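# Structure at a glance
Take a look at the letters that make up each chain.
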Amino acid sequence: MLLNVNTKTGFAERIRTQRLQFFGFDERALQDVLFKSLDRLFPDDELVLLMQSRYWQEEPDLMAVDKNGHLYIFELKAWESHPSNLLQVLRYGQIFGNSKYSDLDTWYKKTTDQSQSLANSHSAKFDVVLRDEDYNGKQVFVVITNGLDYRTREAIQYWRTCGLDIRPWVYRAYPGKQDEMLLEIAPFRVEDNPYEDIAEGYYILNTNISNGQADHDDMLNNKKAAAYFDPWKFKIERLAKGDVIFLFQSRVGIVALGEADGRLGKAAYQGNPSHPDEEYFMKLNSFQKVSPPLTTAEIKAITGINHVFMSTMFGLDADSGKAIRKSLHDSNRLIG
């Protein structure tokens, strides 16, 4: 729901939501918008993305696995008030429900670097070790639908009462200024994350050491913030000049910090020409290493927030960011 509030009178008027056709927009255009914003909408701290499809073929738009190896199947083709919203995603369950670990691993390698296995990446992210047979033991179906599409939402309610784990991902479209459509959609979450929308100029960026030493060393040696592969690389694109970036090494803590220079760079991942422009980066000014590293326990004690450090990058509120920086300065941990 979107309310238009008169700040003088306190009177609130509900803005009417519309279907896509009202804006001359269709579901394919919506899919394109969502894919371009996937780094903001998809929870990489909760799910490992296996594949995404930009083609109109008989395959899911997104597939992912959670900490327990459960397979998440997303249907983003969102035909408003159309029965195929539900039937299509259930058909994917029929097609992919028997997929083995080897199948999931193949999809994952096509999305990222061929040298990275799903099992290793999953274990590094969630700090658990699954057997091959633990993967795809359960399927979770996610259907994106307009808030006005009550038929699809009623059907989802019915199938949930039958024991099927199917979830709506609801969006709402509102009229904006001329030639504008305001799109309201919350990031998909397995569990709620109260810190996901914070963007006040301070960020913690994972150095990707869990996938290999090279990425970590490159960031520290070349004084830069970087992320790799679609959609996570686009997080770097959203940094602004002067944003403070804390480089975080998994299982160690904050190992360096600097200020984004605001100029986006692109490069082949680890210099491999088969991965062109799969690295997005920004140079970090006023770069300093942190020794000894600031541990997760110390970060939580300083900020009073129980952060989860499995995301590629997440924002800190300004008070927390300033407190961390001050603590590093006062404890004489900054080098360079």
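Going by the structure above, here's the rest.
All figures in this text were calculated on a predicted structure; none of them were measured in a lab.

The full count for this structure, using the stated rule, is 16 aromatic pairs. Feature note: the residues Phe42, Tyr72, Phe74, Trp169, Phe188 and Trp232 constitute an aromatic cluster, connected by ring pairs. Geometry around phenylalanine 281 places lysine 224 over its ring, the cationic atom sitting 4.8 Å from the centre.

Right, let's talk about the pairing of strand E12 (residues 253–260) for a bit. For E12, a buried count of 7 out of 8 residues is recorded, marking the element as mostly surrounded by other parts of the structure. The pairing of strand E11 (residues 244–249) with E12 spans 6 bridges and is antiparallel. Bridge assignment links phenylalanine 246 to a residue of E12, and that residue is leucine 257. Counting the residues between successive antiparallel strands, the hairpin from E11 to E12 contains 3 residues, one of them, arginine 251, with a positive phi of roughly 65 degrees. Bridge count for E12 against strand E14 (residues 279–294) is 5 bridges, and the pairing is antiparallel. Each bridged residue has a counterpart across the sheet, and for leucine 257 the counterpart in E14 is glutamine 288.

Turning to the sheet that holds strand E6 (residues 139–146), a few remarks are in order. Taken together, the 6 strands give an open sheet; going across it, the order is E3-E4-E5-E6-E7-E8, and neighbouring strands pair in mixed fashion. Looking at which strands have only one partner, the edges of the open sheet turn out to be strand E3 (48–52) and strand E8 (181–185). Strand-to-strand twist across the sheet, computed as the mean angle between neighbouring axes with direction ignored, equals 20 degrees. Seen against the sheet, helix H5 (residues 118–126) touches E3 and strand E4 (62–65) and runs at an angle of roughly 140 degrees to E3. Sheet contacts for helix H6 (residues 150–161): E6 and strand E7 (166–175); angle to E7, the most-contacted strand, approximately 165 degrees.

The next subject is the packing of helix H9 (residues 296–303) against helix H10 (residues 318–330). Axes are the key here: two packed helices are described by the angle between their axes and the distance separating the axes. Look at H9 against H10: their axes get within 9 Å of each other, and the N-to-C directions meet at 120 degrees. One way to sum up the angle between H9 and H10 is to call them oblique. Regarding H9 and H10, the two cross each other, and that crossing is right-handed. Residues Ile299, Ile302 and Thr303 of H9 touch H10, and the partners they reach there are Ser320, Ala323, Ile324 and Ser327.

Moving on to a nonpolar patch on the surface. A cluster of nonpolar side chains, Met1, Leu3 and Val5, forms an exposed patch at the surface whose accessible area comes to about 280 Å². By the element assignment, leucine 3 lies in strand E1 (residues 3–5).

Moving on, we get to the pattern of salt bridges. A full pass over the atoms with the stated rule returns 18 salt bridges. Across the pair aspartate 165 and arginine 167 runs a salt bridge, and its minimum N-O distance is 3.0 Å. The class for aspartate 165 is buried, based on a relative accessible area of 13%. For lysine 326, the salt bridge goes to aspartate 330, with nearest N and O atoms at 2.6 Å.

Looking now at the side chain of threonine 303. The residue threonine 303 is located in helix H9 in this model. Reaching out from threonine 303, the side chain makes a polar contact with the backbone oxygen of isoleucine 299 at a distance of 2.9 Å. In terms of polar contacts, threonine 303 uses its side chain to reach the backbone amide nitrogen of isoleucine 305, at 3.2 Å. Apart from residues lying up to four places away in sequence, threonine 303 is in contact with Ser320 and Ile324.

Here is what the cut-offs are and how they apply
Residues numbered from 1 in each chain as written. Predicted model: local features only at pLDDT ≥ 70, side-chain atom pairs only at ≥ 80, totals over all residues. Heavy atoms only, no water. Phe/Tyr/Trp six-rings, centres within 6.5 Å; stacked < 30°, edge-to-face > 60°. Lys NZ or Arg CZ within 6 Å of the ring centre and 35° of its normal. Buried < 20%, exposed > 50% of the residue type's maximum accessible area, 1.4 Å probe, protein only. Helix = DSSP H or I, 4+ residues; strand = E, 2+ residues; numbered from the N terminus. Pairing = 2+ DSSP bridges. Axes fitted to C-alpha atoms, helices over the stretch in contact; angles between N-to-C directions. Contact = heavy atoms within 4.5 Å. Parallel < 35°, antiparallel > 145°, perpendicular 65-115°, else oblique. Left-handed = near helix turned anticlockwise from the far one by under 90°. Patch = residues over 30% accessible without salt bridge, like charges linked within 9 Å, V, L, I, M, F, W, Y side chains within 5 Å. Areas by Shrake-Rupley, 256 points an atom, 1.4 Å probe, with all protein chains shown as cover. Salt bridge = Lys/Arg side-chain N within 4 Å of Asp/Glu carboxyl O. Polar contact = N/O pair within 3.5 Å; in protein donor to acceptor, adjacent residues only side chain to side chain.

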